[in-house]
Amino acid sequence: MTNPTVLHLHSRHTVGAVSPLIFGGFLEHLGRSIYEGVYDPGSVHADADGMRTDVIEALRELGLTVVRYPGGNFASGYHWQDGVGPKEARPRTRELAWQSIEPNTFGTDEFIKLCRKLDWQPMLAVNLGTGTPEEARDWVEYCNCEAGTRHADMRAANGAAEPYGVPTWCLGNEMDGPWQLGHVPAEQYAIRASQAAKMMKDCDRSIETVACGSSAPTMPTFPEWDRTVLESLGGLADYVSLHRYVGNPDDNPAEYLALSSSIDAQIEAVDACARYVQAKRRSPGRAYLCFDEWNVWYRARGGAHSDGRGKVAPALLEERYNLEDALVVAMFLMSFIRHADSVRIANLAQLVNVIGPVLTQGDELLRQSIFHAFRMVSSRRTGVSLRGAVEGPTYESERYGNVPFLDHAAIIDGSKLHVFAINRQLDDHMPLTVAFADHAIARVLSSEILHADLKAENTFEHPDEVRAIPFDGWSADGNANATMPPHSLVATTFELA
Ligand code: AHR
């Protein structure tokens, strides 16, 4: 047992309202994400639209608010018109990002149907790799304009008389990366993106756009790329994207669990670019952050994991997650909550089979460890983020400096207080006090814990090795006190007096 840790909170020390859109997801035409994932007309679970109802029900539990589609790297070679109209007339296409065959039996209209079933806000990524700004504009017309002109009439002819009203559009994907189809330097991307954004917004003035920021903070052009793109796009970019995939390739859990400060640093660097550009432009508004790809991904990466070998729905990027990965997934969400004043959208990449919280195998479905971590936070998301102060023991990490054993986030919602806590210690329990300066903590409304062996993972044979269970370890008498097991996540809703 280490010395006690105290998390100090005050209702006036606020960061900002937590955007519900930080609990988003991502579906790409990649591997078995769409086909055999959400869409599988041959499955015993298929509904009348060919969607897998078991997958839908599992994803519903995550409380996702917004879902990005159709890629990812796929987006940079995708021509949206291939995926609309009568299915028998849609072309089979050779897919270059993942070396697969794309049957195009799932496209814009099917994605919107899926969004309607799950109450997701759709978010579309246009092709700025091999596509033209005009093609992007036409897609906005197809989705968002009243019937009466060519592309809107196509939508009506395909069965949707009313516009879809897609509010958020990504201006390409990871255009800073040499692996991206149509990759260009920042200045050239910015010209392409400005042309597209202008026409897209001319078509529907209500839409918001997301400019491609750096695809990782390790990119040699980070953060210069972000500054250049934002400066050049000016008011045409409502958001700038951030991407981040992390892992534990050296099997060093203490180091792995320390990485949350580097997520904070990434957010703060890109936000600094956005604020710099705002100042330079003398603008009343700035671009907000859209963390539209994030997750743990390091095992099923590269080589055979990324090469579809000319197949439809090959098994690609099928990462299996353990408890330590679930803690890191919670850390991402907690960092977004701590930066509620800048991070407005975030998308867990991805949702099903491909680096996903949900796996399918034939007619079976499995919830991976990260599923439970995401749900624990997502189900306590409403309110205003509080800036906490931690008093307690720390440790030295190799890459991230001095790190408190406690990782935390807190949200106040009227008389409710949501607290998320991770004990990063590998072997020791942590005595934790939540001290709320200007209110007494009256009682616990709900509390859950995620705790297992660090390397424990759920499998189809043993699906419940890592799952959240009720936590009854709190005592609340003004402050709240508990002892957290090593390497655990506790998510709690308190009632304030
Ligand atoms: O999510 C998997 C891939 O990771 C996406 O297609 C790409 O944008 C990123 O590099």
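Provided above is the structure to which this section pertains.
Because the structure is a prediction, the values reported are computed rather than measured.

Enquirer: Would you mind showing me how to read the overall build of the chain here?
Expert: Of the regular secondary structure elements, the chain holds ten helices and 26 strands. The principal-axis extents of the C-alpha atoms in the chain amount to approximately 65 × 60 × 40 Å. Considering the chain as a whole, with its 497 residues, one finds that 61% of them fall into the buried category. Taking all contacts inside the chain whose residues are at least 6 apart in sequence as the whole, residues at least 24 apart take part in 76%. Split by element, the accessible area of the chain, about 18,000 Å² in all, is 50% carbon and sulfur.

Enquirer: How should I be thinking about the pattern of salt bridges in this particular structure?
Expert: Side chains that carry opposite charge are capable of pairing whenever their charged atoms lie near each other. Tallied over the entire structure, the rule returns 35 salt bridges. One salt bridge in this structure joins Asp49 and Lys113, with 3.9 Å as the shortest N-O distance. Separated by 64 residues along the polypeptide, Asp49 in the loop between strand E3 (24-26) and helix H1 (53-61) and Lys113 in helix H2 (residues 108-118) bring together distant segments of the chain. On the accessibility criterion, Asp49 (28% relative accessible area) is partly exposed. Across the salt bridge formed by Lys455 and Asp251, the nearest N and O atoms sit 2.7 Å from each other. Linking Lys455 in the loop between strand E22 (441-450) and strand E23 (469-470) with Asp251 in the loop between strand E10 (239-246) and helix H7 (253-256), this pair joins segments that are 204 residues apart in sequence. Through salt bridges with shared partners, a single network forms among Asp47, Asp49, Lys113 and Lys117.

Enquirer: How should the site of the ligand be read in this particular structure?
Expert: Around the ligand, the structure places 13 residues, and the nearest of them are Glu28, Asn73, Glu174, Tyr245 and Glu293. At 3.0 Å from an oxygen atom of the ligand is found a side-chain nitrogen or oxygen belonging to Asn173. In the environment of the ligand, an oxygen atom lies 2.7 Å from a nitrogen or oxygen atom belonging to the side chain of Glu174. Protein burial of the ligand: of its 280 Å² of free accessible surface, 96% is covered by the chains. Looking at side-chain class alone, the shell around the ligand contains six nonpolar, four polar and three charged residues.

Enquirer: Got a minute to help me understand the sheet that holds strand E2 (residues 14-17) in this structure?
Expert: Backbone hydrogen bonds hold the strands of a sheet together, and the pairing may be parallel or antiparallel. The seven strands lie next to each other as E2-E15-E19-E20-E26-E22-E23, forming an open sheet whose pairing is antiparallel. The strands lining the two open edges of the sheet, one partner per strand, are E2 and E23. Examined bridge by bridge, E22 and strand E26 (residues 488-496) share eight bridges and lie antiparallel to one another. Opposite Ile449, over in E26, you have Val490 as the bridge partner. The sheet strands contacting helix H9 (residues 323-338) are E2, strand E15 (384-386), strand E19 (406-413), strand E20 (416-423), E22 and E26, and the helix crosses E19 at an angle near 50 degrees. Each of E20, E22 and E26 touches helix H10 (residues 369-378); the most contacted strand, E22, lies at about 165 degrees to it.

Enquirer: Before we go on, may I ask you to explain the side chain of Asp109 in this structure?
Expert: Mapped onto the elements, Asp109 comes out in helix H2. The buried charged residue Asp109 lacks any salt bridge, with Arg90 as its nearest oppositely charged partner at 4.9 Å. At 2.8 Å, the side chain of Asp109 and the side chain of Tyr142 are in polar contact. Here Asp109 is in contact with Val84, Tyr142, Asn158 and Tyr164, once residues within four sequence places are set aside.

Enquirer: What should I look at first to understand helix H4 (residues 150-157) in this one?
Expert: At 3.6 residues per turn, the α-helix brings residues three or four places apart onto the same side. What H4 keeps buried is the set His151, Ala152 and Arg155. Axial view of H4: buried residues confined to an arc of 105 degrees, hence all on one face. Relative to its buried face, H4 has exposed residues pointing more than 90 degrees away, namely Arg150 and Ala157. Buried-residue contacts for H4 involve helix H3 (133-144). Within two residues after H4, Gly159 carries a phi angle of roughly 110 degrees, on the positive side.

Enquirer: Explain the environment of Pro357 here, please?
Expert: Among the structural elements, Pro357 can be located in the loop between strand E12 (343-349) and strand E13 (358-361). Along the chain, Pro357 and Pro4 lie 353 residues apart, while their C-alpha atoms are 33 Å from each other. What Pro357 contacts, discounting residues up to four positions off in sequence, is Leu62, Leu348, Gln350, Leu351, Leu366, Arg367, Gln368, Ile370 and Phe371.

Enquirer: Please clarify how the sheet that holds strand E8 (residues 168-171) should be interpreted in this entry.
Expert: Ordered by their spatial adjacency, eight strands build a closed barrel running E3-E4-E7-E8-E9-E10-E11-E12, and the pairing between neighbours is parallel. For this sheet the average axis-to-axis angle between neighbouring strands, irrespective of direction, equals 30 degrees. In the sheet, strand E7 (residues 121-125) pairs with E8 via three bridges, with the strands oriented parallel. Paired with Met123 across the strands is Thr168, a residue of E8.

Enquirer: Any chance you could explain the packing of aromatic side chains here in plain terms?
Expert: Aromatic ring pairs are defined here through the distance separating the ring centres and the angle between the ring planes. Overall, the coordinates contain 20 aromatic pairs when judged by the stated rule. Between Tyr245 and Trp297, the ring centres sit 4.9 Å apart and the planes meet at 85 degrees, which makes this aromatic pair edge-to-face. Within this pair, whereas Tyr245 is found in strand E10, its partner Trp297 is found in the loop between strand E11 (288-296) and H9, the two being separated by 52 residues in sequence. On the accessibility criterion, Tyr245 (17% relative accessible area) is buried. Each ring, one from Phe471 and one from Trp474, has its centre 6.2 Å from the other, and the planes form 90 degrees; the classification is edge-to-face. In this structure Trp474 comes out as buried when scored by relative accessible area, which is 12%.

Enquirer: Explanation requested: unusual backbone geometry in the structure shown.
Expert: Excluding glycine, most residues fall at negative phi; most peptide bonds, likewise, are trans. For the peptide bond that leads from Tyr69 to Pro70, omega is 5 degrees, which places it in the cis range. Relative to the helices and strands, Pro70 is located in the loop between strand E4 (66-69) and strand E5 (93-95). Each neighbour pair has its own omega, and for Ala349 with Gln350 the value is 0 degrees, a cis peptide bond. Here Gln350 shows up in the loop between E12 and E13. Even without being a glycine, Asp251 presents a positive backbone phi close to 50 degrees. For Arg282, which is not a glycine, the phi torsion comes out positive at approximately 50 degrees. Position of Arg282 among the secondary structure elements: in the loop between helix H8 (260-280) and E11.

Conventions we followed
Residues numbered from 1 in each chain as written. Predicted model: local features only at pLDDT ≥ 70, side-chain atom pairs only at ≥ 80, totals over all residues. Heavy atoms only, no water. Helix = DSSP H or I, 4+ residues; strand = E, 2+ residues; numbered from the N terminus. Buried < 20%, exposed > 50% of the residue type's maximum accessible area, 1.4 Å probe, protein only. Contact = heavy atoms within 4.5 Å. Areas by Shrake-Rupley, 256 points an atom, 1.4 Å probe, with all protein chains shown as cover. Salt bridge = Lys/Arg side-chain N within 4 Å of Asp/Glu carboxyl O. Near = heavy atom within 4 Å. Polar contact = N/O pair within 3.5 Å; in protein donor to acceptor, adjacent residues only side chain to side chain. Nonpolar A, V, L, I, M, F, W, Y, C, P; charged D, E, K, R; others polar. Pairing = 2+ DSSP bridges. Axes fitted to C-alpha atoms, helices over the stretch in contact; angles between N-to-C directions. Lys, Arg positive; Asp, Glu negative; His and termini not counted. Arc of directions from axis to C-beta. Phe/Tyr/Trp six-rings, centres within 6.5 Å; stacked < 30°, edge-to-face > 60°.

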